[in-house]
Number of protein chains: 2
Amino acid sequence: MLREMAEFHEITQTAPITVAEHGGRAKCLQRLVRLDLPVPQTVAISFDTVHQIAAGHRLDTDALLAVFGEAPLVSVRPSSEDPDWGGPGAILNIGMNDDRHAELVKTQGQDVADRLYRRFVQTFAIHVARLDPDMFDGQKPLAEVLDAYEDETDEAFPQDPGYQLHMVLRSMARAWEGTTARLLRQAKGAPADAGLGLIVQRMAFGIGAEESGSGVIQFVDPTTGLPQITGRYMSQSQGRDALAGDGGVLYLTRDPRGPSLEEQCDTAFKELIEAGKVCRTKLREEMQIEFTIEAGHLHILDAVRVQRSSRASVRIAVELAREGVISKEEALLRIEPRALSELMHSQVDPRGKRDRFARGIAASPGAASGKLVFSSAAAQASAARDEACVLVRQETQPEDIRGMHAANAVLTVRGGVTSHAAVIARGLGLPCVVGASDITLRSRDGVLVTADGRTLNEGDLVTIDGGTGEALMGEVEMLPPAVDDCFSALLSWAEELGGMKVRANADTPDDARTARRFGADGIGLCRTEHMFFEGDRLTVMRETIFADEETDRRAALDQLLPMQREDFVRLFQIMEGLPVCIRLFDPPLHEFMPRDRSGIRAMAEALDLPISQVTRRIEALSEFNPMLGMRGVRLGVLFPEIYEMQARAIFEATIEAGERGRLVEPEIMIPLVSAMREVELVKNSVDAIAVAVHNQTGAEFKYKLGVMVETPRAALRAGDIASHAAFLSFGTNDLTQMTYGLSRDDAGRFMGAYVQQGVYPEDPFHTLDLDGVGELLLIGVQRAREAQKDVVISICGEHGGNPESIAFCQDAGVDYVSCSPFRVPIARLAIAHAVLRKAHGAAA
Amino acid sequence: MLREMAEFHEITQTAPITVAEHGGRAKCLQRLVRLDLPVPQTVAISFDTVHQIAAGHRLDTDALLAVFGEAPLVSVRPSSEDPDWGGPGAILNIGMNDDRHAELVKTQGQDVADRLYRRFVQTFAIHVARLDPDMFDGQKPLAEVLDAYEDETDEAFPQDPGYQLHMVLRSMARAWEGTTARLLRQAKGAPADAGLGLIVQRMAFGIGAEESGSGVIQFVDPTTGLPQITGRYMSQSQGRDALAGDGGVLYLTRDPRGPSLEEQCDTAFKELIEAGKVCRTKLREEMQIEFTIEAGHLHILDAVRVQRSSRASVRIAVELAREGVISKEEALLRIEPRALSELMHSQVDPRGKRDRFARGIAASPGAASGKLVFSSAAAQASAARDEACVLVRQETQPEDIRGMHAANAVLTVRGGVTSHAAVIARGLGLPCVVGASDITLRSRDGVLVTADGRTLNEGDLVTIDGGTGEALMGEVEMLPPAVDDCFSALLSWAEELGGMKVRANADTPDDARTARRFGADGIGLCRTEHMFFEGDRLTVMRETIFADEETDRRAALDQLLPMQREDFVRLFQIMEGLPVCIRLFDPPLHEFMPRDRSGIRAMAEALDLPISQVTRRIEALSEFNPMLGMRGVRLGVLFPEIYEMQARAIFEATIEAGERGRLVEPEIMIPLVSAMREVELVKNSVDAIAVAVHNQTGAEFKYKLGVMVETPRAALRAGDIASHAAFLSFGTNDLTQMTYGLSRDDAGRFMGAYVQQGVYPEDPFHTLDLDGVGELLLIGVQRAREAQKDVVISICGEHGGNPESIAFCQDAGVDYVSCSPFRVPIARLAIAHAVLRKAHGAAA
């Protein structure tokens, strides 16, 4: 293993340089060398050697410098495995000393020589000798700087280049192993033992005769991904001076506003453009190039991947694939599925300024501005005037549905990611921040008071950033959604790979249209309860709940039947024959009750009942743990008339849609099952309604009946249950809650701390907990398939956009995932990743 | 298979009579025959034959009657497999007709002959010919009765004995197969196809010359089980007349109040006493004997097991075993474990009258009377005056603890079996009824209004029956607890059999003493949170919760430390070295907050904070689903200082108890674990405290750290968890809640209907759900033992008294169960049953 013995390597086309041993920058430089780009002579020091240097080993720096010939000046730069992990700053002009200075005075003049020497002494003093930065700041004369160094250290500035380099390497090696640096890079995902390589490179002077200078250039816009030359160049500068300084900055391309590199140094500029093209096609990536021009000659010091927004990522990857530079598969793999979210919503422009007045939980992505309103009525009035508004509430109630439809964004003081506001907003694709507990709402005064004492009034302009969980003052700059041709191309490539299907959770015609826009394969979850919250329906629903006798309940439900039927007809029409899975009524009845005095009074009036009776009834309905209470199939078993009405509405809508040319085979799903008998009872009653509807209308129709697996028990008993069900849909949100004994809404207060302390490796509501919930899922799938091999199995929850979760479900044999319409593209891409990784794994 | 062809058998010592073919009465009669007791000649008709008769088959009744010789009179009685399943009433004097009447007039006189004939005609008319009972009531002259029969049927009363018997048999066979009878017996546990046998017996006349009559006798008191001759005898009567009539009733034994059978008919009486003894020793049971004396001669018609209270059951079984009539094992098996509950508490005397004013959920067994009080303060005042009181509240709060200690019983309007009131009351052994939603409480007026409009005032005497869930007017007759020598003997026999150990859940010294009184093997669950609700501690606890900084929290907790330590010292002393398992703090913090305005005001004063701040903080603490919120180990991880204080208190108490001569190795249990890392974190912190206490005191002590398995995930990950735990305790209550997604408190509203409709075969909170929760338990036990074979495994929940659940846990390899102190004997007996049944199964 002689190779490993070498402590440094000159980077040549054939040197044994690897990312794992020398870091990304070293490897990238070798690639540039192989492309015959004008890279100054460079030496790479391996992770191992740097680690030994930190531990006290002294590298033979004289031998290293000898690679560069007589009296070189060199720079040292870090080269870690991943450029994002950071590292110590570059140090330039190593090798400067009194002799070299004297020579340079002769060749470059006093000023240039002084600047080069001073720069090195300053950097060395601050970053290597760790002297007080204040002593070495600014543009003091060289002699003063050298004196300051001697005063502070009681030694003259070191003159031996080998010693200088040794000190620089040791300082950088130790800085990397310091605690702060380690924690910082671990926060970015680096392993505890991540190594640092170092790059020693011959200096190309950006200072001197003719056109000299340094700069960076890139060939796409980092925000949009569109082709555009951007960057900075500065005459008579070194390193990254161009990014900081003002004087001497040139435009890159010809520009009416002033001189440009293109004009000043046409040859070098053309070479640069050419280098960009070479990088793009050969490194198969949009690169930012760091360069120096020395007396009109181009030197390429480094090239890094262009930092970019998500939308730019998509455009760049798709364009590279279209041009055949990379494969479609690689384009897919280059996009983090979750990044697509940014493209589907307006975004606060990251380049703008933010004046935050509240921070909460990012509950529904996207951003929108509008005037503050504190009630649903005001939101509706605002919408009627065509004025954008932002609805702010303590927490939203079912009555607020219309207000939310009317608003452009929602902000609530209470609630977590599954609160009413959050769920509805995600369904509507409405930017939403919940649990902004740092503000105080005085709705009655029409006033909102911020934590720092500012008062906002109804009508003030604000912006909600649902991606970051922030509420901002005023109307800020936005980036529009980027659901463009590149986005569509990417998704169609994903779809071509096969794998699980993707359906959307969609409750309303709007949802359904969004689902189709984002290419959903159908509706995987249509929650019917939202249909009972709207306007008049809520009153009828309350009558149903208040009815003492079954006959009264049926009478009230009869009023809801035509409305439900119409809901379904509309959904079936929009979905044009794609499958639609309708979940029967699920929530506890008390969700339909008002919570405050005025709501109770209004309800008492509407139902013509004494307030005391209404209050008593509401109290009787209240539950200690609503999540674990009288809801789902439990309601269906005890008050079968509700499910009967819904089944009738579904069947009649199926017939009606059929008459209008849309053949539908609806899927009816039973929620919160924990025992097989529940399924049998509901199945009997639904089947009976089907027979009745057929007998009454003479029409033929088909349907499927299935079960939502949300309790651990349903997963364990999936065998029994599957024998009565055409499909099983694992509701992974509820299943996670029950498996952990953890309410998602209540966990918000401590989940952050829990994940940070590593108690849970991840938030199990974001990433499927493979060890616990995942095992239940596997058990359920296996038992269900054993009992009935054709049973269709899906998962339905917010895990649909998570790549590991998706890969797990795909391996488990799940047929499709269902998620909110805005997550359909994310899930689609995550599935493509899973397919590609699996194929890759199989190939390897 | 000739034997099965016979349609009837005379019951002789050798006849092929079985319970399965002819019923319990037939078999019992054969046993009496074998004991040479004077049983009149009897014929048994099998289930099969009776079933055929119901279907239209005609038995050769003449041949049957021929067994009895010339012109007999006979009776027919039902004989089902289990006497509790009921059956048609006996019919006497079959064979009476005009000829027989004429003969009897000659031998017995007109009156006797008329009575016998009339009785038969009346019974036949009503129960066989199904004529209007009003027409045949009372003591009409015989001729009128015969005329009435002819008027109603247009036929003369049937004269042929064979036809009479045929009609009787057919009528009884059909009555058995009617829907009402079937539903009634199914409600008592009979299978749908339960058969009926019929017994045809020669009549012994209780009417006639010399001393004739009929009666029943038993030799123990059915309420207490103590030896005592009770029963009824009536001269000149037949069948069970003695139980109904007044005239002619004699005392059985010599009595100063009047004539007795013992005096009137000494020989027969002695024979009867002898028969009782024979039955007791040979049938190995206390029997009630039905007898007839015919002209001074004793005839034993039947014998049945004496109906008895639970306390009588225990005494009878134990006494029989002590006398060697039955084995100890059989004595154990004869007692239904749950029946022991009755012996441990005062009971409303079943012989008394009940005036119920409210009905709720039976939350804690036993009964107590006292004056109504509507506040804890009033309860304490009442206790100070030494007056028994019954505390009535809307629902109890932590603040009510002292009031509950002071009260003799508790009644709440809201809440379920795991509500605060119910849990505390069971711990205190206090009779308690919760969720009595049919009453209205107007605490401010000091008035309680019942559903039927009665008004009860503070100070009115009432009785709470926690066994039935009833609240009764006034002070009613009680039976005292029967924790006597028989009770103790039974339990020590149970313990001798081995099997799982039984520990008690005990939070207070009182609980611990009760646990010891009932023979617990230790404390399996000491809930520490109750220790923070008492008086001053609650205020300190609230200070802890309101502290913003960790240092303030620690300061507040420092005040609680000596109190906690003293709690544990007392427990350790009472338990005298038996193991004590202490669960670290579990409930959500909002449980320590007041819920009404006045409580909030008082708290604000106590903490010297503005009410608005208190309200805001309480709101911030409130949770949507407290069961699934920030509690248990989640609190322990986020505020480690709470567990640290508790660990220190435990260790210091261990040292102190050791110094007082009680060597203890405390067990510390972590609640609501869902991930291994939670265990590691708490273990690290508890171990560190142990080291600190050791360093500070120099004392040596040992302890065990374990985990409460309450979430499905903890069961699935039991392997990981067991590698860091000395013991695992499955909290089956919470595990059931989470596996079903069902809050026990909220399920109360529909569990009854659910079980009745067979959706769940049993209430899973009473009987462990073997298919779901049980599977998780098995998975957990198996994985834990694989990871660490010495891990101690227990279950802790209300399933500890259920025989099937116990048997399941024992088979699963559980080491001990822990239950409330008052359930310890029940669990002990259930375990004995499981051991015996298993041995029996293995032997068979």
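Residues numbered from 1 in each chain as written. Chains lettered and ligands numbered in written order. Predicted model: local features only at pLDDT ≥ 70, side-chain atom pairs only at ≥ 80, totals over all residues. Heavy atoms only, no water.

Student: Can you walk me through helix 19 (residues 420-428) of chain A in this structure?
Tutor: Because an α-helix packs 3.6 residues into every turn, residues spaced three or four apart end up facing the same way. Taken as a whole, helix 19 of chain A has its buried residues at A:Ala421, A:Ala422, A:Ile424, A:Ala425, A:Arg426 and A:Gly427. One or two residues past the end of helix 19 of chain A sits A:Gly429, with phi positive at roughly 70°. (Buried < 20%, exposed > 50% of the residue type's maximum accessible area, 1.4 Å probe, protein only. Helix = DSSP H or I, 4+ residues; strand = E, 2+ residues; numbered from the N terminus.)

Student: Teacher, can you tell me more about the relation of the copies chain A and chain B here?
Tutor: Both copies of the chain are placed relative to one another by a rotation about an axis and a shift along it. Turning chain A through 178° and shifting it by 0.1 Å along the axis lays it on chain B, with an RMSD of 0.4 Å. Classification of the inter-copy transformation places it as that of a two-fold axis. Ranked by how close their C-alpha atoms come to the rotation axis, the residues of chain A are headed by A:Asn625, at 2.0 Å. Residue by residue, 100% of the interface of chain A is reproduced at the interface of chain B, so both copies engage with the same surface. (Least-squares fit on C-alpha atoms with pLDDT ≥ 70 in both. Contact = heavy atoms within 4.5 Å.)

Student: Looking at this structure, I do not really get the interface of chain A and chain B. What am I missing?
Tutor: One widely used convention gives an interface's size as the accessible area the parts lose upon coming together. Between chain A and chain B, the residue contacts involve 51 residues of the former and 51 residues of the latter. Here chain A meets chain B over a buried area of about 4,700 Å², counting both sides, of which 53% is carbon and sulfur. There are 4 salt bridges connecting chain A and chain B. With a closest N to O distance of 2.5 Å, A:Glu775 and B:Arg783 form a salt bridge. For the pair chain A and chain B, the interface holds 28 residue pairs in polar contact (both at pLDDT 80 or more). Elements that contribute at least two residues to the side of chain A that touches chain B include exactly helix 25 (611-621), helix 26 (633-638), helix 28 (676-697), helix 29 (712-716), helix 31 (732-740), helix 32 (744-756) and helix 33 (773-787) of chain A. (Buried area = accessible area lost by both parts, 1.4 Å probe. Salt bridge = Lys/Arg side-chain N within 4 Å of Asp/Glu carboxyl O. Polar contact = N/O pair within 3.5 Å; in protein donor to acceptor, adjacent residues only side chain to side chain.)

Student: What am I meant to see in helix 27 (residues 640-659) of chain B here?
Tutor: Compared with an ideal rise of 1.5 Å per residue, which puts 20 residues at 28 Å, helix 27 of chain B spans 29 Å between its outermost C-alpha atoms and is within 8% of the ideal. Here helix 27 of chain B lies mainly inside the structure; 16 of its 20 residues are buried. (Expected span 1.5 Å × (residues − 1).)

Student: Sorry if this is basic, but what is going on with the state of the cysteines here?
Tutor: By definition, a disulfide links two cysteine residues through a covalent bond between their sulfur atoms. The full count for this structure, using the stated rule, is 0 disulfides over all chains. Cysteine A:Cys809 is unpaired, with the sulfur of A:Cys819 as its nearest cysteine sulfur at 11 Å. (Disulfide = S-S within 2.5 Å.)

Student: Quick question: what am I supposed to make of the pattern of salt bridges here?
Tutor: It is possible for side chains bearing opposite charge to pair when their charged atoms get close. Residue and element names in this part refer to chain A. In the structure shown here, the tally under the stated rule is 117 salt bridges over all chains. Between Glu644 and Arg554 there is a salt bridge, with the nearest N and O atoms lying 3.0 Å from each other. On the criterion of sequence distance, the pair formed by Glu644 in helix 27 (residues 640-659) and Arg554 in helix 23 (residues 550-575) is long-range, its members being 90 residues apart. Classification of Glu644 by relative accessible area gives buried; the value is 17%.

Student: I would appreciate a short explanation of the environment of A:Pro158 in the present structure.
Tutor: Residues and elements named next belong to chain A. Positionally, Pro158 belongs in the loop between helix 8 (142-153) and helix 9 (161-177). Residue class for Pro158 comes out buried when judged on its relative accessible area of 11%. Taking C-alpha positions, Pro158 is 9.5 Å from Val121, a pair spaced 37 residues apart along the chain.

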